[in-house]
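# Topology and contacts: notes
The residues making up each chain are set out below.
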Amino acid sequence: APAKTTPAPAKTTPAPAKTTPTPAATPTIPVTTLDSYGFKLILDGTIEIEEAGLTEQNASINEGIIFFDYDGANTILLWLKDSETDIKDFLSDSYSSLSNSQAGITFSPINEGENEFGTVKYNYIAFVAKSESDETQAGGIIGTWRCGTDKVFSLTATGEDGAVVQIRFKRILDGLSCSQ
């Protein structure tokens, strides 16, 4: 008699569960925005900004100064209402004020010229500062420009690494616009 063959049960493999890939969350890069004084400044990261007035206690649309550390660049941005001063003279005054305020440090200009961010033309001076006591050296850049006809600005960035200072100076200007 022929052997009985019982059919082997069909192997069932469970269908893989359908998974819809979830889109990767785009990381939000923190930015710091300052837009209280008639101009707008956007900086990468969370930056602590100190603000003060020049002749008043607090900064205002007409005048003020802000201080912040921007990843290795000590930064000062100053603005004031002025429709007379040439920006080259304002640059010279800003450089003199800085060098005269730093006793025991020798300032040497290394480069100056003009450039622009957006449609705004600015004049700049780059310099090296050397401490007379311990021979440490730092670099810096000052830029001056006019927003509109009645306001002048001065941006000073200084730090131990001249290349870092140049990069930060450019990033600050890239994030700055004359109107809010």
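Above this note sits the structure.
For clarity, every value in this text was computed on a predicted model and none was experimentally measured.

Bringing the packing of aromatic side chains into the picture now. For any pair of aromatic rings, the description consists of the separation of the ring centres together with the inter-plane angle of the planes. The tally for this structure, following the rule as stated, stands at 13 aromatic pairs. With a centroid separation of 5.4 Å and an interplanar angle of 45°, the aromatic rings of Phe107 and Phe127 are classed as tilted. Residue Phe107 is found in strand 6 (residues 105–117), and its partner Phe127 is found in strand 7 (residues 120–131); the two are separated by 20 residues along the sequence. Among the aromatic side chains, those forming a connected cluster through ring pairs are Tyr37, Phe39, Trp79, Phe117, Tyr122, Tyr124, Trp145, Phe153 and Phe169.

Another aspect to go through is the sheet that holds strand 3 (residues 50–52). The antiparallel open sheet is built from seven strands, whose spatial order is 3-4-5-9-8-7-6. Lying at the two open borders of the sheet, with one neighbouring strand each, are strand 3 and strand 6. Going across the sheet, the axis of each strand differs from the next one's by a mean of 15°, ignoring polarity. Looking at chain direction, strand 8 (residues 137–147) and strand 9 (residues 151–159) are connected through nine bridges and run antiparallel. In the sheet register, Gly139 faces strand 9, and the bridge partner there is Gly159. Packed onto the sheet, helix 1 (residues 87–101) meets strand 5 (74–81), strand 6, strand 7, strand 8 and strand 9 and runs at close to 145° relative to strand 8. The strands touched by helix 2 (residues 162–174) are strand 4 (63–69), strand 5, strand 6, strand 7, strand 8 and strand 9; relative to strand 8, the strand with the most contacts, the crossing angle is about 20°.

Reading the values: rules and limits
- Residues numbered from 1 in each chain as written.
- Predicted model: local features only at pLDDT ≥ 70, side-chain atom pairs only at ≥ 80, totals over all residues.
- Heavy atoms only, no water.
- Phe/Tyr/Trp six-rings, centres within 6.5 Å; stacked < 30°, edge-to-face > 60°.
- Helix = DSSP H or I, 4+ residues; strand = E, 2+ residues; numbered from the N terminus.
- Pairing = 2+ DSSP bridges.
- Axes fitted to C-alpha atoms, helices over the stretch in contact; angles between N-to-C directions.
- Contact = heavy atoms within 4.5 Å.

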